[in-house]
Amino acid sequence: MDASSITGLSAREAARRLAADGPNALPGTEVKPLARIVFEVLAEPMFLMLLAAGGIYLLIGDTAEALFLLLAVFAVIGLTLVQERKSQRALEALRELAAPRALVLRDGQERRIASREVVCGDVLVLHEGDRIVADAVLLQGQVSTDESLLTGEPAPQVRLPAAGELPPFMPGQEGGPFVFASTMVTQGVALARVEATGGRTQVGRIGSALARTQVADSALQRDSRRVVRAMAAVGLAVAAAVVLLAWRWDGRPLLESLLLGIGLAMSILPEEIPVVLTVFLALGAWRLSRQQVLTRRVQAVEALGAITVLAVDKTGTLTQNRMTVAQVRGGDAVFEANARAPLPESLHEVAEFALLATPADPFDPMEKAIRRFAAMHLRGTQHLHGDWTPEQQYPLSREILAMTHVFPAARPARHLLATKGAPEAVADLCHLDAAAREQIQRQVQEMARAGLRVLGVARGEWDGEQWPSSQHEFTFRYLGLVGLVDPPRPEVPAAVAACRAAGIRLLVLTGDHAGTARAIAREIGLNPRPDMLTGPQIAAMDDAALQRALASVDICARVLPEQKLRLVRALQAAGERVGMTGDGVNDAPALKAAEVGIAMGERGTDVAREAAALVLLDDSFASITAAIRQGRHIDDNIRLAVRFIFAVHVPIIALALLPVLLHWPLLLLPAQIVLLELIIDPACSILFEAEPEAADVMARPPRQARASPFAPRNVAIGGVQGLGFAGALTAGCWWMVGAGWADAAVRTAVFLGLLCGLLALVAAARTRARALRGHNPWLARLAVAVAAMLLLVLGVPWLRAVMGFTVPGGAGLAVAAAMVAATVLWLGLVRLATSPGRPARRPRSR
């Protein structure tokens, strides 16, 4: 097609199409408004429970408790909003960096416009280094494009205008006429007509599938809502019954009966649970951000501790997406680039002519790798020619998958030829016989099995003035092969070892060749099993067969985008909890469907970042193990806090209920429960959140899917601890009431025993069979707070009167000490009875 006949759309027609089709933007990338964030936060049942509890306390006049609860609500909402806005601002910054501009033909003139303004029918002017903004078909010229973010294939794909009828519109077709949105031009210049924009592009279709993938609530969220609702319902029902019993059966005045009922409701109401879960997860997200991990969905922080399979995209995640020369061959000589040895003299010519056949300032990753290799291994030799400039170039074409640079030689009219390309194309240019071609093919296959991309290299001389029309008219001499590889990230082997030690299975999902994937897996220490699944095999299997096959493989190669999503769902159907890492558009649906989707922030596509629950801002694979460690740490601490909550509520409920059943005086007034909550709430939400991690946090298998903090065993241990605590306090009360002590004296001794017993309960919750690493500074601060509160309420006459206390004498202090001692003894016995033996270690994940 004649370039002069291509004028592009008129400005008026482009404006009409833009109004009709909408902007060239991916679906689902709009910024979430602040009002919507606030509404979503406030709509959470956890927050509604806190707000309702605060409102109830305001109505009954307990302003201190109401103020504490409402302040806690607003503090947590503020923390969540800050985290959400911080995440959005970071993503917006990444999006702005990633937003390309397009060079188009409008009214026959080249114009640079925003990518959002590109419409169907526009003619794109593509140059090396351009980000392609829409799906298009080539009209003229040729380019190589990096489609790894769509296909997982790191090697650039050659794109040429169609000679006849257009083939199917699919990425990954070598030599096809199509270029795709979000891919990069690595070489060449071309004109291309836009065929699809926005949601109609290949990227947009993946985004549409992504929007249909629903994100389910975590098991912890579901369990906590169920427990909170059940306890709230039970608390209100029991409190109402107690008011009636105290008033009608026990003959107490109505006001005193209401105080009993309110005290019981306040003792049962589990307002600490939503505070604990929300604060723990929000602070966990903040801690992860300090390790360059951005949390987009807070529930993923807790889900990290349960991951059993980490499905890893190879290109750009395990590997650097940066090609490197790994091997050079010439004749019988073989050089391994990782051997840290000098390049043998016999192979200098191979490297020299591979470099001469490479542009001086390439964009193609393989050509960059060749230039880096030559600069390192040919330094100080006569084989580097930095001042040479080719006088003629023959680019890759559909007929010849090789390129040739022509340089002037010493003699007039003599020219030096440097060629590189597909080994079979180079062998054809060299007119090799069948035996030589067969030997080269064996070498290529051997290198391919090692995961290498292979280029052939040749040199030649030509005498003449008139340039031939084809490279076939030159005479070449075959020199050898250059093997390139996308090397693994340096931090990956250690991260893989850490995952295996933690019982997490790694499954490599890639669109690349099986040999390449297997070689990378061996290099990172995965030691894959011999069986492997490929894309065609996956397509031929039903879901049941796929689940069975996945149990015995570590690598899935030549995988299509929609198959990654199916693989994640098959793993989930088999009972696995899946973490999915990736950076490409092809990873986005699977990232969203997985329990924890982890995207790369620096190189990852906007679609992948929007889909993921976590974003690695530094693209470091090692940050994944740090995130998993943090997730397990948070899960451990939530279990401690939940156990403490159930344990501490039992004695408070007992002291609120016993006066009705045993005709005792009021032991706990609402104001006293407020004081207790001022200790209990910080203990739950601050002290346990700051608890150091266990020494074996990354040396044990993932927790079971249903191993909730609200599981019967954890709740039962807390309940048993609380029952013993309540028994000690009840025994003390029984003795004091029987001895005829005054109501204020009984109440004071009980409150002293209860408050000091809380410290023992915190210590018991912290003690585990596993050694704790580090010291929790909040324990000493809690003890100081308890001491200060006791001095304040017992030393200030006005407060002492409001609380119904008296100055404790020696006998009162002795009884309180006896109750605390009995509690400590009971907690020690419970710890001995419930401490598990050393569990049998599960075999390490492969």
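Think of each chain on its own: its residues are numbered from 1, step by step along the sequence as written. Where totals are concerned, whole chains, interfaces and linings use all residues; where local detail is concerned, this predicted model gives features only for residues with pLDDT of at least 70, and gives and counts side-chain atom pairs only at 80 or more. To get the side-chain values, all heavy atoms of the structure are used, and hydrogens and water are removed first.

K.L.:
Before we move on, could you go through the overall build of the protein and cite the residues and values that matter?
P.N.:
When helices and strands are counted, the protein shows 29 helices and 22 strands. Two residues form a contact once any of their heavy atoms are found within 4.5 Å. If you take every contact in the protein between residues at least 6 apart in sequence, the share linking residues at least 24 apart comes to 73%. Of the roughly 34800 Å² of accessible surface on the protein, a fraction of 60% belongs to carbon and sulfur atoms. Helix and strand assignments come from DSSP, with helices taken as H or I runs of at least 4 residues and strands as E runs of at least 2, each series counted from the N terminus. Surface exposure here means Shrake-Rupley accessible area, sampled with a 1.4 Å probe, where a residue is shielded only by the protein chains that are shown.

K.L.:
Now, about the sheet that holds strand β10 (residues 324-330): what can you tell me, with residues and values included?
P.N.:
Across a sheet, strands are paired by hydrogen bonds formed along the backbone, either parallel or antiparallel in direction. We treat two strands as partners when DSSP finds at least two bridges between them. Reading across from one edge, β11-β10-β16-β15-β14-β13-β12 is the order of the seven strands in this open sheet, with antiparallel pairing throughout. Each end of this open sheet is capped by a strand with a single partner; those strands are β11 (333-336) and β12 (392-394). The average angle at which neighbouring strand axes cross in this sheet is 20°, direction not considered. Relative to strand β16 (residues 475-485), β10 is paired through five bridges, and the arrangement is antiparallel. Its bridge partner lying in β16, Thr324 is registered against Val485. In this fold helix α12 (residues 348-356) packs onto β10, β13 (402-408), β14 (414-421), β15 (453-463) and β16, with an angle of close to 90° to the strand it touches most, β16. An axis is simply a line fitted to the C-alpha atoms; with a helix, the fit covers only the stretch in contact. Between two such axes, the angle follows the N-to-C directions and lies from 0 to 180 degrees.

K.L.:
Before we move on, can you summarise helix α17 (residues 514-523) with the specific residues and values?
P.N.:
When α17 is considered as a whole, its buried residues turn out to be Thr516, Ala517, Ala519, Ile520 and Ala521. Just downstream of α17, Gly525 is the residue with a positive phi angle, here 90°. Burial classes follow relative accessibility: with a 1.4 Å probe on protein chains only, a residue under 20% of its type's maximum area counts as buried, one over 50% as exposed, and anything between as partly exposed.

K.L.:
Got a sec to walk through the packing of aromatic side chains? Specific residues and values, please.
P.N.:
Only Phe, Tyr and Trp rings take part, Trp by its six-membered ring, and two of them pair if their centres are within 6.5 Å. Stacked means planes under 30 degrees apart, edge-to-face means over 60, and tilted covers everything else. Applying the stated criterion across every chain, the model contains 10 aromatic pairs. Residues Trp462 and Phe474 carry aromatic rings whose centres are separated by 5.6 Å and whose planes lie at 85° to one another, so their mutual orientation is edge-to-face. Separated by 12 residues along the polypeptide, Trp462 in strand β15 and Phe474 in the loop between β15 and β16 bring together distant segments of the chain. The exposure class assigned to Trp462 is buried, which follows from its relative accessible area of 14%. Members of the aromatic cluster, each reached through a chain of ring pairs, are Tyr394, Trp462, Trp467, Phe474 and Phe476. The aromatic ring of Trp778 is capped on one face by Arg781, whose charged end is 4.5 Å from the ring centroid. For a lysine, the NZ atom is tested; for an arginine, the CZ atom; a charge sits over a ring if that atom is within 6 Å of the ring centre and within 35 degrees of the ring normal.

K.L.:
So, the nonpolar core: which residues are in play, and what are the values?
P.N.:
Residues Phe621, Leu676, Phe688 and Leu755 are the most contacted members of the largest nonpolar core, which totals 125 residues. Of the residues forming this core, the biggest block, 16 residues, is contributed by helix α23 (residues 622-662). Only buried Ala, Val, Leu, Ile, Met, Phe, Trp, Tyr and Cys residues count toward a nonpolar core, and they belong to the same one when joined by side-chain atoms within 4.5 Å. Val309, Ala549, Met580 and Ala611 belong to the second largest nonpolar core, which has 28 residues in total.

K.L.:
I'd like to hear about the packing of helix α26 (residues 743-766) against helix α29 (residues 810-834), residue by residue, with values.
P.N.:
Where α26 contacts α29, the axes come no closer than 8 Å and their chain directions differ by 25°. Taken together, the axes of α26 and α29 are roughly parallel relative to one another. As α26 packs across α29, the resulting crossing turns out to be right-handed. On α29, the residues touching Ala749, Val750, Leu752, Gly753, Cys756, Gly757, Ala760, Leu761 and Ala764 of α26 are Gly812, Leu813, Ala816, Met819, Val820, Val824 and Leu827. Taken together, the residues of the contact of α26 with α29 break down into 13 nonpolar, three polar and no charged. Under this scheme an angle from 65 to 115 degrees is roughly perpendicular, one under 35 degrees roughly parallel, and one over 145 degrees roughly antiparallel; angles in between are oblique. Rotating anticlockwise by less than a right angle from the far helix to the near helix defines a left-handed crossing, while the corresponding clockwise rotation defines a right-handed one. Gly counts as polar in this scheme, as do all residues outside two lists: the nonpolar Ala, Val, Leu, Ile, Met, Phe, Trp, Tyr, Cys and Pro, and the charged Asp, Glu, Lys and Arg.

K.L.:
An account of unusual backbone geometry is requested, with residue identities and associated values reported.
P.N.:
Positive phi values are uncommon outside glycine, yet Gln292 reaches one of about 65°. Exposure remark for Gln292: the relative accessible area of 36% places this residue in the partly exposed category. The phi angle at Arg558 is positive, at roughly 55°, despite the residue not being glycine. Accessibility expressed as a relative area gives 35% for Arg558, which makes it partly exposed.

K.L.:
Give me the lowdown on the side chain of Thr186, citing residues and values where you can.
P.N.:
With respect to the secondary-structure elements, Thr186 resides in strand β7 (residues 184-196). Judged by its relative accessible area of 1%, Thr186 is buried.

K.L.:
I'd love a proper account of the pattern of salt bridges, names of residues and values included.
P.N.:
The salt bridge definition used is simple: a Lys or Arg side-chain nitrogen within 4 Å of an Asp or Glu carboxyl oxygen. Scanning the model with the defined rule gives 19 salt bridges in all. Measuring nitrogen to oxygen at the nearest pair gives 2.7 Å for the salt bridge that ties Arg106 to Asp122. Taken together, the residues span a long stretch of sequence, with Arg106 in strand β1 (residues 101-106) and Asp122 in the loop between β2 (109-114) and β3 (123-126) at a distance of 16 residues. Residue classification places Arg106 among the buried residues on the basis of a relative accessible area of 6%. Two residues, Arg629 and Glu693, come together in a salt bridge whose shortest N-O distance is 2.9 Å. With Arg629 in helix α23 and Glu693 in the loop between α24 (670-687) and α25 (712-738), this pair connects stretches of sequence that are 64 residues apart. The buried category is assigned to Glu693, whose relative accessible area is 16%. One network of salt bridges, in which partners are shared, links Glu349, Arg459, Glu461 and Arg477.

K.L.:
Tell me what's going on with the sheet that holds strand β19 (residues 555-557), and back it up with residues and numbers.
P.N.:
Reading across the sheet, the eight strands line up as β8-β22-β21-β20-β9-β17-β19-β18 and stay open at both edges, with mixed pairing between neighbours. Each of the sheet's edge strands pairs with one partner strand only, and the pair in question is β8 (293-295) and β18 (533-534). Sheet topology note: the strand β21 (residues 596-600)/strand β22 (residues 614-616) ladder contains three bridges and is parallel. Bridging from a neighbouring strand, Ala599 pairs with Val615 of β22.

K.L.:
Provide a residue-level description of a nonpolar patch on the surface, including the pertinent values.
P.N.:
In this analysis, a patch consists of residues with relative accessible area above 30% that form no salt bridge, clustered at 9 Å for like charges and at 5 Å for the nonpolar side chains Val, Leu, Ile, Met, Phe, Trp and Tyr. Residues Val720, Leu825, Trp826, Leu829 and Leu832 make up a contiguous nonpolar surface patch of about 500 Å² in total accessible area. Residue contributions to the nonpolar patch peak at four residues, all from α29. Following the sequence through the fold, Trp826 ends up in helix α29. On the basis of relative accessible area, Trp826 is assigned to the partly exposed category, the value being 33%.

K.L.:
An account of the environment of Ala514 is requested, with residue identities and associated values reported.
P.N.:
The residue Ala514 is located in helix α17 in this model. Judged by relative accessible area, Ala514 falls into the partly exposed class, the value being 26%. Look past the residues within four positions of Ala514 in its chain and what remains in contact with it is Met532 and Ala557.

K.L.:
Residues and numbers for empty space enclosed by the protein, please.
P.N.:
Method remark: on a 1 Å grid restricted to protein atoms, a set of points is classed as a cavity if a 1.4 Å probe fits but cannot get out and as a pocket if it is open with protein on both sides within 12 Å along at least five of seven lines; lining residues have an atom within 4 Å of a point. Grid points are joined across faces, edges and corners, and a volume is the space filled by probe spheres set on the points. Summed over all chains, the structure comprises six cavities of 30 Å³ or more. Approximately 60 Å³ is the volume attributed to the largest cavity. If you list the elements that add at least two residues to the lining of the largest cavity, you get β1 and β3. In the lining of the largest cavity, the residues fall into seven nonpolar, no polar and four charged.

K.L.:
Report on the pairing of β7, specifying residues and quantitative values.
P.N.:
Bridging between β3 and β7 involves four bridges; their strand directions are antiparallel. Following the sheet pairing, Leu126 is matched in β7 by Ala190. Sheet analysis places strand β4 (residues 135-146) next to β7, joined by 11 bridges and oriented antiparallel. Counted as the bridge partner of Ala136 is Val194 from β7.

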